[in-house]
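# Commentary on secondary and tertiary structure
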Protein chains: 2
Amino acid sequence: MPSVVAAASSDVIRLAVDCMGGDHGPAVTLPACQAFLAAHPRAELLLVGLPEALAQAAPNVMNWPRCQIVAASEVVTMDDTVEVALRRKRQSSMRIAISQLKGADGAAPLAHACVSAGNTGALMAVARYLLKTLDGIDRPAIATVMPNQTGGFTTVLDLGANVDCTAEHLLQFAVMGSALVSAVDGKEEPSVGLLNIGEEVIKGNETIKRAGELLREAAAAGHMNFYGNVEGNDIFKGTTDLVVCDGFVGNVALKASEGLATMIATFIKQEFGRNWLTMLAALVALPVLKRFKRRVDHRRFNGAALLGLRGLVFKSHGSADAFAFEQALNRAYDAARNRLLDRVHDRIVDTLQAMPAGPADDAGDKATPVAHAA
Amino acid sequence: MPSVVAAASSDVIRLAVDCMGGDHGPAVTLPACQAFLAAHPRAELLLVGLPEALAQAAPNVMNWPRCQIVAASEVVTMDDTVEVALRRKRQSSMRIAISQLKGADGAAPLAHACVSAGNTGALMAVARYLLKTLDGIDRPAIATVMPNQTGGFTTVLDLGANVDCTAEHLLQFAVMGSALVSAVDGKEEPSVGLLNIGEEVIKGNETIKRAGELLREAAAAGHMNFYGNVEGNDIFKGTTDLVVCDGFVGNVALKASEGLATMIATFIKQEFGRNWLTMLAALVALPVLKRFKRRVDHRRFNGAALLGLRGLVFKSHGSADAFAFEQALNRAYDAARNRLLDRVHDRIVDTLQAMPAGPADDAGDKATPVAHAA
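Cut-offs applied
Residues numbered from 1 in each chain as written. Chains lettered and ligands numbered in written order. Predicted model: local features only at pLDDT ≥ 70, side-chain atom pairs only at ≥ 80, totals over all residues. Heavy atoms only, no water. UniProt positions renumbered as here; feature names shortened; annotations may be inferred. Least-squares fit on C-alpha atoms with pLDDT ≥ 70 in both. Contact = heavy atoms within 4.5 Å. Pairing = 2+ DSSP bridges. Helix = DSSP H or I, 4+ residues; strand = E, 2+ residues; numbered from the N terminus. Axes fitted to C-alpha atoms, helices over the stretch in contact; angles between N-to-C directions. Buried area = accessible area lost by both parts, 1.4 Å probe. Salt bridge = Lys/Arg side-chain N within 4 Å of Asp/Glu carboxyl O. Polar contact = N/O pair within 3.5 Å; in protein donor to acceptor, adjacent residues only side chain to side chain. Nonpolar A, V, L, I, M, F, W, Y, C, P; charged D, E, K, R; others polar. Core = buried A, V, L, I, M, F, W, Y, C linked by side-chain atoms within 4.5 Å. Buried < 20%, exposed > 50% of the residue type's maximum accessible area, 1.4 Å probe, protein only. Domains from an automatic or database assignment. Phe/Tyr/Trp six-rings, centres within 6.5 Å; stacked < 30°, edge-to-face > 60°. Lys NZ or Arg CZ within 6 Å of the ring centre and 35° of its normal.

Chain A is annotated in an unreviewed UniProt entry as Phosphate acyltransferase of Roseateles violae. Database annotation for chain A, UniProt heading Catalytic activity (unreviewed entry): "a fatty acyl-[ACP] + phosphate = an acyl phosphate + holo-[ACP]". As stated in UniProt under Function (unreviewed entry), the record for chain A gives "Catalyzes the reversible formation of acyl-phosphate (acyl-PO(4)) from acyl-[acyl-carrier-protein] (acyl-ACP). This enzyme utilizes acyl-ACP as fatty acyl donor, but not acyl-CoA."

## With respect to the relation of the copies chain B and chain A
Mapping chain B onto chain A is achieved by rotating through 180 degrees and translating by 0.0 Å along the same axis, at an RMSD of 0.0 Å. In symmetry terms, the pair is related by a two-fold rotation axis. Most of the interface of chain B is mirrored in chain A, where 100% of its interface residues again form contacts.

## Details of the sheet that holds strand β6 (residues 153–157) of chain B
Residues and elements named next belong to chain B. Read from one edge to the other, the open sheet built from eleven strands follows the order β3-β2-β1-β4-β11-β10-β5-β6-β9-β7-β8, with strand pairing classed as mixed. In this open sheet, the two edge strands, each paired with only one partner strand, are β3 (67–71) and β8 (225–230). The mean angle between the axes of side-by-side strands here comes to 25 degrees, regardless of whether they run parallel or antiparallel. As defined by bridge partners, β6 adjoins strand β9 (residues 242–244) across three bridges and the pair is classed as parallel. What sits directly across from Thr155, in β9, is Leu242.

## Things to note about the interface of chain B and chain A
Opposite the 48 residues of chain B that make contact, chain A presents 48 residues. Surface buried jointly by chain B and chain A totals about 4600 Å² across both partners, of which 74% is contributed by carbon and sulfur atoms. Our count for the chain B to chain A interface comes out at six salt bridges. Remark: the boundary between chain B and chain A carries 14 residue pairs in polar contact (both at pLDDT 80 or more). Of all the elements in the fold, those that place two or more residues in the side of chain B that touches chain A are α7 (206–220), α9 (247–272) and α10 (276–296) of chain B. In terms of residues, the side of chain B that touches chain A owes the most to one element, α9(B), which gives 20 residues. In the side of chain B that touches chain A, the residues fall into 25 nonpolar, 15 polar and eight charged.

## Some details on the environment of Phe248(A)
Inspection of the secondary structure puts Phe248(A) in helix α9 (residues 247–272). Those residues in contact with Phe248(A) that sit more than four places away from it in its chain are Asn162(A), Val163(A), Leu195(B), Asn196(B), Ile197(B), Gly204(B), Asn205(B), Ile208(B) and Val249(B).

## Looking at the nonpolar core
Of all hydrophobic cores here, the largest spans 253 residues; its most connected members are Leu47(A), Leu340(A), Leu47(B) and Leu340(B). Each residue touching Leu47(A), except ones within four places of it in the same chain, is listed here: Val17(A), Cys19(A), Leu30(A), Cys33(A), Leu54(A), Val61(A), Trp64(A), Cys67(A), Gln68(A), Ile69(A) and Val70(A).

## A short note on the pairing of strand β4 (residues 113–116) of chain B
Residues and elements named next belong to chain B. In β4, alternate side chains face the same way, and those of Ala113 and Val115 on one face and Cys114 and Ser116 on the other are all buried. With four bridges joining them, strand β1 (residues 13–18) and β4 adopt parallel strand pairing. Within the sheet, the bridge partner assigned to Ala16 lies in β4 and is Cys114.

## Section: the domain arrangement of chain A
Residue and element names in this part refer to chain A. Under the domain assignment used here, chain A contains domain 1 (1–140 + 308–338) and domain 2 (144–298). The straight-line distance from the C-alpha centre of domain 1 to that of domain 2 is 26 Å. Both sides of the domain 1 and domain 2 interface together cover about 1100 Å² of buried area, and 52% of this is carbon and sulfur. Among the residues of domain 1 in contact with domain 2, Asp138, Arg139 and Arg331 are the three that bury the most area, contributing 46% of the side total. Inspection of the domain 1/domain 2 interface yields zero salt bridges. Linking domain 1 to domain 2 there are six residue pairs in polar contact (both at pLDDT 80 or more). Here the side of domain 1 that touches domain 2 gets three residues from one element, more than from any other, and that element is helix α11 (residues 322–337). Considered class by class, the residues forming the side of domain 1 that touches domain 2 number five nonpolar, four polar and three charged.

## Digging into the pattern of salt bridges
Close approach of charged atoms lets side chains of opposite charge pair. All names here are of chain B. Enumeration over the complete set of coordinates arrives at 34 salt bridges over all chains. In this structure, Glu44 and Arg14 form a salt bridge, with 3.0 Å as the shortest nitrogen-oxygen distance. Taken together, the residues Glu44 in strand β2 (residues 43–49) and Arg14 in strand β1 connect sequence positions 30 residues apart. For Glu44, a relative accessible area of 25% corresponds to the partly exposed category. A salt bridge links Lys209 to Glu206, with the nearest nitrogen and oxygen atoms 3.4 Å apart. Placement of both Lys209 and Glu206 in helix α7 is noted, with a separation of three residues, approximately one turn of the helix. The class for Glu206 is exposed, based on a relative accessible area of 56%.

## Focus on the side chain of Thr155(A)
Along the chain, the position of Thr155(A) falls in strand β6 (residues 153–157). Other than its neighbours up to four places away in sequence, Thr155(A) contacts Ala143(A), Thr144(A), Val145(A), Leu180(A), Val181(A), Asp185(A), Asp241(A), Leu242(A) and Val243(A).

## Here we look at the environment of Val296(B)
You can see Val296(B) is positioned in helix α10. In this structure Val296(B) comes out as partly exposed when scored by relative accessible area, which is 27%. Here Val296(B) is in contact with Met263(A), Ile264(A), Phe267(A) and Phe301(B), once residues within four sequence places are set aside.

## Details of the sheet that holds strand β4 (residues 113–116) of chain A
Residues and elements named next belong to chain A. Read from one edge of the open sheet, eleven strands run β3-β2-β1-β4-β11-β10-β5-β6-β9-β7-β8, paired in mixed fashion. Here the strands that pair on one side only, and so sit at the sheet edges, are β3 (67–71) and β8 (225–230). Between one strand axis and the next, the sheet turns through 25 degrees on average, direction left out of account. The sheet contact formed by strand β7 (residues 191–195) and β8 spans five bridges and is parallel. Within β8, the residue paired with Val192 across the bridge is Phe226.

## So, the packing of aromatic side chains
Within this structure, the stated rule accounts for four aromatic pairs over all chains. Centroid distance Phe153(B) to Phe301(B): 5.6 Å. Interplanar angle 65 degrees. Geometry classified as edge-to-face. On the criterion of sequence distance, the pair formed by Phe153(B) in strand β6 and Phe301(B) in the loop between α10 and β10 (304–307) is long-range, its members being 148 residues apart. Residue classification places Phe301(B) among the buried positions, given a relative accessible area of 7%. Directly above the ring of Tyr129(A) sits Lys132(A), whose terminal nitrogen or CZ lies 4.9 Å from the centroid.

## Remarks on the pairing of β4(A)
Bridge count between β4(A) and strand β11 (residues 312–315) of chain A: four bridges; the pairing is parallel. Residue pairing across strands places Val115(A) opposite Phe314(A), the latter belonging to β11(A).

## A few points about unusual backbone geometry
At the junction of Leu157(A) and Asp158(A), the peptide bond is cis and its omega measures out at 5 degrees in the coordinates. With respect to the helices and strands, Asp158(A) occurs in the loop between β6 and α6 (167–184). Although it is not a glycine, Arg66(B) sits at a positive phi angle of roughly 55 degrees. Within the element layout of this structure, Arg66(B) appears in the loop between α2 (51–57) and β3. In the Ramachandran plot, Lys132(B) falls in the positive-phi region, its phi being about 70 degrees despite a non-glycine side chain. Its place among the elements puts Lys132(B) in the loop between α5 (120–131) and β5 (141–147).

So this is what it looks like as structure tokens:
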């Protein structure tokens, strides 16, 4: 793995930040960077963006400590197609930020991880093009955390990078997700659930059943802590540390949950805002409502990992505010500090290369394709 | 459609109730039936169950007005396999209840709709075996409603009957779902959304893209009010009256939503129960919290429709209490009163038979298979 920066936990961690991405650009990303730097005395940032835009948002940005400004001349917008991001805007802040993870001509890369709030499709495509996938991984996946009833978090992947997955892809997601949870949450053998429509092994379509078999094989060989099938509600019960699914299903589950949370928040506001009596009740209940709000505040969980690439890329929500964007920086920092890339690599060697090769897709740009044994 | 009971809205409506189904059996179903009868003076019930179990739960059940007890000698449990329900327990309350929708030897059926809280897989299999699917429908689907932010409801199907759908199946779901919304909610041309991972027509897998084409064709021909792609959050926004999806995706979205709602309720309870100050706040906020709770009370939305069969079957949650089970009876009653079966039939004729035949699956037990044009 030539492109991997192995950072010991005491080393300086350097993040490349696409300061132009997201709905608000530098107005949000720069305050977040400032707060992040204050909280992480051993962190350094490469602030990638249009210099004039950065200076406008933070006039003294040139003088910030532990920062360097890396100039870009273009911005990938939220509506730009993958094509435009990949082929036309070669000097975009997104692309230049990602390229900081690649050392030129064998030299060490400049950054340990990259964070962008830019559009997901473009970010994944550019990252995949520039960084390539790790050996043994056909397709990168997007992983995020959701709060659960135990007070902890459930990591879910894939969330939309892949809309047609084979059983082998789901196994790869489980391997990469396990590495992520072990790196960021410190659980060495996180439990893995396979998202299905019932707990029994006979449930689901053929792909899911076959994925269940592969995961049980990996567990039997001691490579994975596979719990078995889980259902949609188990994400929020916290039945397993990790929930693995097809990107289509994961995306729908994530967005349905966001929609429901928004609806419930609206209903609570409407009921407390109904008349002066209910508003008085809201005033009395305010400290409780605030604590409740904090527990379900999705901004705290911002920062999805793009897994399976030869570099650590984190994606912030496009609509993130400075607090939310700072959480994405935190997650990228923790992942780099805990050597997520090495962990993914090690788990791939342990699990995937130890297992009989199955059919994989041919869209991969990996250096060593998995053998097609279909 | 020989097996369809055409009930004018002023006619008596007779429901067959599987009184043994669900986690609680007659202890829940009978009180629900009693409340339902009191609220519907023109309704009649066939109470199907083990006579001694019914008499134990309600000693004077024999004397209830507008009721008949139909004796069964077996019960399909929540853990019984489809095989057991279909082949072994031929005298089960579930099977006998469904068979009330079939007239013997050309005679009129005894009931207009059937309600059971028994296990979904068994109910669907027995219903499909006894009733058969409607002409033009390959696979029955399960539809339910979810509350949305507009204060109304979104009807979603399929919720788990079909884990591998073709584009043609999704079109059939849209046709059946439109009939359901028009019958139960009184909207003549309900808007239809196709659940996807983005709004653009290029999003999703091949099946979804093809389904989008079929739905646009149906809309162009004036047979459907197709809105376009919707995302998971649109279910709770209320963007469309109807959301159509694969049973795997629908099941995960439904269960994830249930899990999130449960988690949020737990968090609210925990925060208000933290100490005597917060408990005091809860006391003050109690009327507001009660109104809020009522708005998101999933019991109000109990009663999923099994669509595409030659008879109206409604499925209650297995864990339903009497209030929830009564809602399922209400939904079945409304569907029968508003001639849901005729409406599904009419829409199939209008939409599906007017469209060029596409590839369908061969698992259907329909009388007139859709031509295989793959």
